[in-house]
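As a plain string of letters, each chain reads:
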Amino acid sequence: MTEQYARIIIDISHEKVDRTFDYRIPERLSEEVSVGSLVLIPFGKGNAMRKGYVVGITPHADYDKDKIKEIAGIVTDSVTAESLLISLAWWLKEQYGSTMNQALKTVLPVKQKIKPKEKKILRCLLKPEELKKALEEAERKNYKARFRLFQAFMESPMIPYEIAVNQMNLSSATLKPVIEKGLITLESEEVYRNPITLKKSHAQHVLLNQEQQTIVDAFQRDYSENIRKTYLIHGVTGSGKTEVYMELIDRVIQEGKQVIVLIPEIALTYQTVMRFYGRFGSRVSIINSRLSAGERYDQFERARNGDIDIMIGPRSALFTPFSRLGLILIDEEHEGAYKSEVVPRYHAREVAEKRASMQNASLVLGSATPSLEAYTKALRGEYSLFLLTERAKKDSRMANVWVADLRQELKEGNKTIFSRPLKEKMEERLAKKEQIMLFINRRGYANFVSCRSCGDAIRCPHCDVTLTLHNNRSLVCHYCGHTIPMPNECPSCGSPYIANFGVGTQKIEQMTKKMFPSARILRMDLDTTKKKGGHEEILTAFSEGEADILIGTQMIVKGHDFPNVTLVGVLAADLSLYTPDYRGAERTFQLLTQAAGRAGRDEKPGDVVIQTYSPEHYAITTAASQDYPAFYEQEMVFRRMMKYPPANVLLTIQFSSKNEEALISASEAVAAYVTPLAEKEMVQTIGPSEASVYKINDIYRKILYLKHVNYDILIKIRDQIDGFSENRPDLFDLVLIQYDFS
DNA sequence: AGCACGCCGACT
DNA sequence: GTCGGCGTGCTC
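Residues numbered from 1 in each chain as written. Chains lettered and ligands numbered in written order. Predicted model: local features only at pLDDT ≥ 70, side-chain atom pairs only at ≥ 80, totals over all residues. Heavy atoms only, no water.

Looking at this model, I keep getting lost on the overall build of chain A. Mind explaining?
Regarding its fold elements, chain A presents 24 helices and 30 strands. A globule of 742 residues ought to have a C-alpha radius of gyration of about 27 Å, and chain A, at 30 Å, matches this closely. Principal-axis analysis of the C-alpha atoms places the extent of chain A at approximately 90 × 65 × 65 Å. Classification of the 742 residues of chain A by burial places 53% in the buried group. Residue pairs at least 24 apart in sequence account for 73% of intrachain contacts in chain A once pairs closer than 6 positions are excluded. The averaged location of the 95 negative side-chain charges in chain A is 4 Å from the averaged location of its 99 positive side-chain charges. (Helix = DSSP H or I, 4+ residues; strand = E, 2+ residues; numbered from the N terminus. Rg over C-alpha atoms; globule rule 2.2 N^0.38 Å. Buried < 20%, exposed > 50% of the residue type's maximum accessible area, 1.4 Å probe, protein only. Contact = heavy atoms within 4.5 Å. Lys, Arg positive; Asp, Glu negative; His and termini not counted. Charge placed at Lys NZ, Arg CZ, Asp CG, Glu CD.)

This is how it looks when you write it as structure tokens:
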């Protein structure tokens, strides 16, 4: 057998050693060492033993053979959670296409600087007058580093080691002799960072209604019979999903197991957090993106030590190092935030399924508007489906929904942004001193073109997605590249009233002020929430009745309960409907359903007015009748016909480069390489075409799509493309290839 | 992170 | 000259 070398990452703690090192695999370990193993290796001048992760194995090391050292041994007694997460990293790498390095970084919390558990402190042992003398001596002898050190000790007798090294730019070369002379000491001190001190749980068990109890009972029965599976709770807005979650969590931690709760970042409000603390006390930990790296690391450390049972957080909380995991819960399962935007582009739902199966845990998904992916699996019987159809709060009923046809309004001479039904209802609420929310479901680049007379958006004849306006002159399909010149009149009805769609929140605010001069108006968008806490501030002000009308984008329809809101107006439902990708209808249905759920949360009945140019579109009619199954059926017909997910798996291959020619030749070479393979496997290929924003920061991007029903076949093709690109550095040197499955 | 190397000023 | 501090670069 030939010699084998392992490519190893030394811990992952420090940026400077954040790359791979090659080590020889000794004969005696050749069986045990594989990608993903945790090994012990001598490192650096002193050959200090360190932990390392094997990220690859090759027969040729690209390093001077004489200098390569051997792996010393395998770490077997590693904490179970850690090795489990490493195998999860391996799975991520295989599944989503990333390097092992990237996968490991996703899965293991990056230690920041010093080990936070025992913080190192420098303490001065000199008396004040001795210190003064030492300082003078250092100055006289021009010992600059030492002078800085003693100067700092004049201020305070103790200095954190971290500060000394990073801020004061002192190196161990300076400190070591000073320590040896006995002038100062280096000691480590237990650090008590922010253990959450909150009142103990006053187990306020709420009384569950029949529907809620059914779910809890079924789950309990399965759990005690050691049946682990995935449950989908489809519960209308306000049906009390959180109470059900609490009961399930309670049950699981009673067994001595641990729970991970995923919440989309935007929904992580103060209210939600307090509910969990109130029920489970200090056994809960919460992470969010505002937590510093150190605090985040601490929370993971507490989880590893078994100090907590419940971790709540966004997608990254999925990698909490729990060794006795019993349940993963994903709230608002349909949210886009569960898909990672960076490599590995994993979906939290899929990773949660994998992790749950690895640790014999259950998975619970909850949503008012389940993703088509989850609902499909539920209908197939892969998930257990539960329904919550009633609002949990007594006397609160679902809102009445009205659809206002903007085409009709225009025909009858109303050129304002308020349809007559919406205007009437707004006047009525203002008179009654009830509150109104105006919702603009705008999102990203909504540069599509539609007709104000007939409501049709101009679509690609091959892909059935809207075309995107480029430079006001041409319309382009971002799936296949189909291009037509911008027409002067509507292709369906000949009306000249066609234009690109898009209104800003500021403009809406102005128009609302003009129409209702006496109303007090709050606006919530990126501008007004930029400063920290702005988000919460505005919502609080509104809920305390400081304004009559709240205008905003998606962010106003999440979380918060506003008992006095009895009218929700969706100004232009088409904005999310005709985005240039296949998910427009799904997103629209979700947003409308959520917006509708905001109205009438208390005894007062609520009204919702949806304004649209396409009142007959199924996403709007089914949202108006609040009929999810009907929406699902219709949308799936479209997805099946066009072979879009979840009917098929869609592999998106993105090529990016600063060099446009290299990008074009690389993407075309891959397309040419893939075509015969795809034909053999019956895989449909589309493109390469330009990405929706072709050039960002001088980087050009092209996209190639592959569609097939079978995930594994696409993974196989992806791996072949990977091999192809590695063998052709001439073509791919300047081009980055990224894969994304959906 | 931790170690050593080489530069540079200070002192016998 | 040489001693010793200081900053930098490398570690398979």
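It is not clear to me how the pattern of salt bridges should be interpreted in this structure. Could you clarify?
Two side chains that carry opposite charge are able to pair once their charged atoms sit near each other. Applying the stated criterion across every chain yields a total of 36 salt bridges. Its salt-bridge partner being Glu137, residue Lys141 comes within 3.0 Å of it at the nearest N-O pair. Given a relative accessible area of 40%, Lys141 falls into the partly exposed group. The partner of Asp730 in a salt bridge is Arg728, with the nearest N and O atoms 3.1 Å apart. What makes Asp730 exposed here is its relative accessible area of 57%. Residue Arg728 is classed as partly exposed on the basis of its relative accessible area, which comes to 32%. Residues joined by salt bridges that share partners form a network here, namely Glu373, Arg583, Glu586, Glu635 and Arg639. (Salt bridge = Lys/Arg side-chain N within 4 Å of Asp/Glu carboxyl O.)

Is there a simple way to explain the protein's contact with DNA strand C in this structure?
Close to DNA strand C lie 19 residues; Asp22, Lys69, Tyr143, Lys144 and Ala145 are nearest. For DNA strand C, the backbone makes up 59% of the atoms found within 4 Å of the protein, where backbone means sugar plus phosphate. Tyr63 is positioned with one of its side-chain polar atoms (N or O) 3.2 Å from a phosphate oxygen of DNA strand C. At 3.3 Å from a phosphate oxygen of DNA strand C is found a main-chain nitrogen or oxygen belonging to Tyr143. (Near = heavy atom within 4 Å. Polar contact = N/O pair within 3.5 Å; in protein donor to acceptor, adjacent residues only side chain to side chain.)

Before we go on, may I ask you to explain the domain arrangement of chain A in this structure?
Accessible area lost upon the coming together of the parts serves often as the stated size of an interface. Domain boundaries in chain A define domain 1 (5-107), domain 2 (117-191), domain 3 (210-388), domain 4 (400-446 + 502-639) and domain 5 (649-741). The gap between the C-alpha centroids of domain 1 and domain 4 is 52 Å. (Domains from an automatic or database assignment.)

Could you clarify how one ought to interpret unusual backbone geometry in this entry?
Across residues other than glycine, the phi torsion is negative in most instances, and most of the peptide bonds are trans. In this structure, the amide linkage connecting Pro645 to the following residue, Pro646, adopts the cis form with an omega of 0 degrees. Tracing the chain through its elements places Pro646 in the loop between helix 21 (628-641) and strand 27 (649-657). Here the bond from Gly687 into Pro688 is cis, since omega is 0 degrees, no more than 30 degrees from zero. Checked against the element boundaries, Pro688 lands in strand 28 (residues 684-696). Of note, Asn142 is a non-glycine position whose phi angle comes to about 60 degrees, a positive value. For Asn142, a relative accessible area of 56% puts it in the exposed group.

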